[in-house]
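Descriptive structure summary
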Amino acid sequence: LLLQTSHHGLTAAEAQKRYDEYGPNKLPESTRNPLWVFLGYMWNPLAWAMEIAAIISIALLDYADFALIVALLLVNSVISYVEESNADKAIKALTAALAPKAKCLRDGKVETIEAVNLVPGDVIIMKFGDIVPADVKILGEEGGDTSEETPMQIDQAALTGESLPVKKFTGDVAFSGSAVKQGERHCVVYATGVNTFFGRAAALISGTNNVANLQIVMTKIGAMCLVTIAVWVLIELAVQFGHYDHSCGPGEEACPTLVNMLVVIVGGIPIAMPTVLSVTLALGAFKLAKEGAIVARMSAVEEMAGMDVLCSDKTGTLTLNQLSVEIASVMTVTPGVSVTEVMKMAALSTNIVTEEPIDMVLYNSYAERDELKNYKTVKFVPFNPVDKYTCATVVDQRTGKAVRLLKGSPQVVLGRAYNKDEIADAVNNKMIEFANRGFRSLGVARAEGEGNVADAKWEMLGLLPLF
């Protein structure tokens, strides 16, 4: 009620009004003054030593050494600045390419929009595999019975540290950044950007200043060089003025002591080290960015290189979402059922509203898609990693006849077939053949009438190879 929305979502005009009021659905980006960033490369112990050497050179009217030292200082800073700027551009381009999208109801129609454009009050569709784009509240299905509600399962490990997905029922909330592990529901956005749970947590740590390990090492090396230079300069001053009682005057070769100090300072610092490190790290970050890795800090390249063991966790399947069906290799299990009939049943078993990759490829692979307009899906059970199947109840609007269509893991579909003992060997052999050829297998089954999955007499129709 407070969000003043409905199950049909917001109008485009109201969404724009709220966007102007609440701003984009993203965390504020920190901006840095390019001039200060550039000058920052001249503010470290090694740069200080070079700057002192430049001052001594100009005091001696040694313009050649002064120009050389300033040139080296500028070259170090320019290369570091340019290379890091190039890496930042690559990271920003990659981040833009990976920008999350959301299925949103606007003006009563389902639209795919950038998640950054979501506003409080938007109604979105979330399904298995999605990343929650904002803090949302799960809506009940219109006319649905909450007593037999199947909960969504949300993985909040990145936010709360919980190792198992959490069950979310109607009225429960899901936080931005969590992952949907089971279910498909309409949800209403109630917080975006910095007002989300993740945004508030990020704000608490935004003031921290983490110093990279490489920067610490560089500072120690620079400090050690400065201490060494200071010791030798003191020895030089003590010998020249204390023992030999030399004097200094302005101008070229008027003060041999300053000349000696200049030699000590320039010789005591590794002039090329900052440039070599900056170029190496920037090129590494740029190469990683081209491979699809986002390197937020160049020093992270060095820190990654210093690891002995990397422990990582992967959930789901990493694909390009560019699936295809090898129609010529489709296996028909039931006698009298053609490949065309199997593809038709597979297309009818889909829910293309959510644009799930497997559903989309099955729908688009059926050549007579116009015929599917005569059928209406009255119930759809989405995929979840426990049951490993989807079930669609479809009614032929011309005859009123209902049929249930099951698709999913071939082992699961085979296990529900009424004649599984008779067809098991042929199906299993075909699955092995598909696997050896690099295909993923998908089983399709059919049952007459409406009802539950467990109560049906399932007839396995075929096995589809996906690649």
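Residues numbered from 1 in each chain as written. Predicted model: local features only at pLDDT ≥ 70, side-chain atom pairs only at ≥ 80, totals over all residues. Heavy atoms only, no water.

**Quick word on the confidence of the model for the chain**
Short version of the rule: For every residue, the predictor reports its confidence as pLDDT, a number between 0 and 100. Secondary structure counts use DSSP, requiring at least four H or I residues in a row for a helix and at least two E residues in a row for a strand, with both numbered from the N terminus. Two residues form a contact once any of their heavy atoms are found within 4.5 Å.
A residue-level look at the chain finds 85% of positions with pLDDT of 70 or above and a mean pLDDT of 78. The lowest-confidence element of the chain is helix H5 (residues 157-160), averaging 72 in pLDDT; the highest-confidence one is strand S4 (residues 135-138), averaging 89. In this model, residues 314-321 is a region of pLDDT below 50 whose contacts with residues beyond four sequence positions or in other chains number 3 contacts.

**Focus: the packing of helix H3 (residues 45-59) against helix H8 (residues 256-267)**
Put simply, the rule reads: The axes used here are C-alpha line fits, helices contributing only the stretch in contact, and every angle between their N-to-C directions lies in the interval 0 to 180 degrees. Oblique is the label for any angle not under 35 degrees, not over 145, and not in the 65 to 115 range, which are roughly parallel, roughly antiparallel and roughly perpendicular in turn. If you view the pair so one helix is near and one far, a crossing is left-handed when the near helix is turned anticlockwise from the far one by less than a right angle, and right-handed when it is turned clockwise.
H8 packs onto H3 with a crossing angle of 155 degrees between their chain directions and a minimal axis gap of 9 Å. Classified by the angle between their axes, H3 and H8 sit roughly antiparallel to one another. The handedness of the crossing between H3 and H8 comes out as left-handed. Listed contacts from H8 to Ala49, Ile52, Ala53, Ile56 and Ser57 of H3 are Leu258, Met261, Leu262, Ile265 and Val266.

**Focus on the environment of Ile221**
Examined against the element boundaries, Ile221 turns out to sit in helix H7 (residues 213-243). Each C-alpha atom, one on Ile221 and one on Pro270, is 9.4 Å from the other, the two residues being 49 residues apart in sequence.

**A closer look at the sheet that holds strand S14 (residues 440-448)**
To be explicit about the condition: Between any two strands, at least two bridges found by DSSP are needed for them to pair.
Taken in spatial order, the 6 strands make up an open sheet running S10-S15-S14-S13-S12-S11, and their pairing is antiparallel. Two strands close off the open sheet at either side, each with one partner strand: strand S10 (331-332) and strand S11 (375-381). Bridge count between S10 and strand S15 (residues 459-466): 2 bridges; the pairing is antiparallel. Its bridge partner being in S15, Met331 is matched across the sheet by Leu463.

**A closer look at the sheet that holds strand S6 (residues 166-168)**
Within a sheet, each strand pairs with its neighbour through backbone hydrogen bonds, oriented either parallel or antiparallel. The antiparallel open sheet is built from 3 strands, whose spatial order is S6-S5-S8. Two strands lie at the open edges of the sheet, namely S6 and strand S8 (179-182), each paired on one side alone. Strand-to-strand twist across the sheet, computed as the mean angle between neighbouring axes with direction ignored, equals 40 degrees. Pairing analysis gives 3 bridges linking strand S5 (residues 152-155) to S6, with the strands arranged antiparallel. Looking across to S6, one finds that Gln153 is bridged to Lys167.

**What to know about H8**
Convention followed: By this rule the span expected of a helix is its residue count minus one, scaled by 1.5 Å. Think of it in three bands: residues with accessible area under 20% of the maximum for their type are buried, residues over 50% are exposed, and the middle band is partly exposed, with areas taken using a 1.4 Å probe on protein chains only. As used here, the arc belongs to the directions running from the helix axis to the C-beta atoms.
Between its first and last C-alpha, H8 extends 16 Å over 12 residues, near the 16 Å set by a 1.5 Å rise per residue. Among the residues of H8, Thr257, Met261, Leu262 and Ile265 are the ones counted as buried. Summarising the axial view, the buried residues of H8 lie within an arc of 140 degrees, below the 170-degree limit, and thus occupy one face. When the buried face of H8 is taken as reference, the exposed residues oriented beyond 90 degrees from it are Val263 and Gly267.

**With respect to the pattern of salt bridges**
Counted only if it meets this: Whenever a carboxyl oxygen of Asp or Glu lies within 4 Å of a side-chain nitrogen of Lys or Arg, that contact is scored as a salt bridge.
Counting across every chain of the model gives 11 salt bridges. Its salt-bridge partner being Asp122, residue Arg106 comes within 2.7 Å of it at the nearest N-O pair. Separated by 16 residues along the polypeptide, Arg106 in strand S1 (residues 101-106) and Asp122 in the loop between strand S2 (109-114) and strand S3 (123-127) bring together distant segments of the chain. The class for Arg106 is buried, based on a relative accessible area of 11%.

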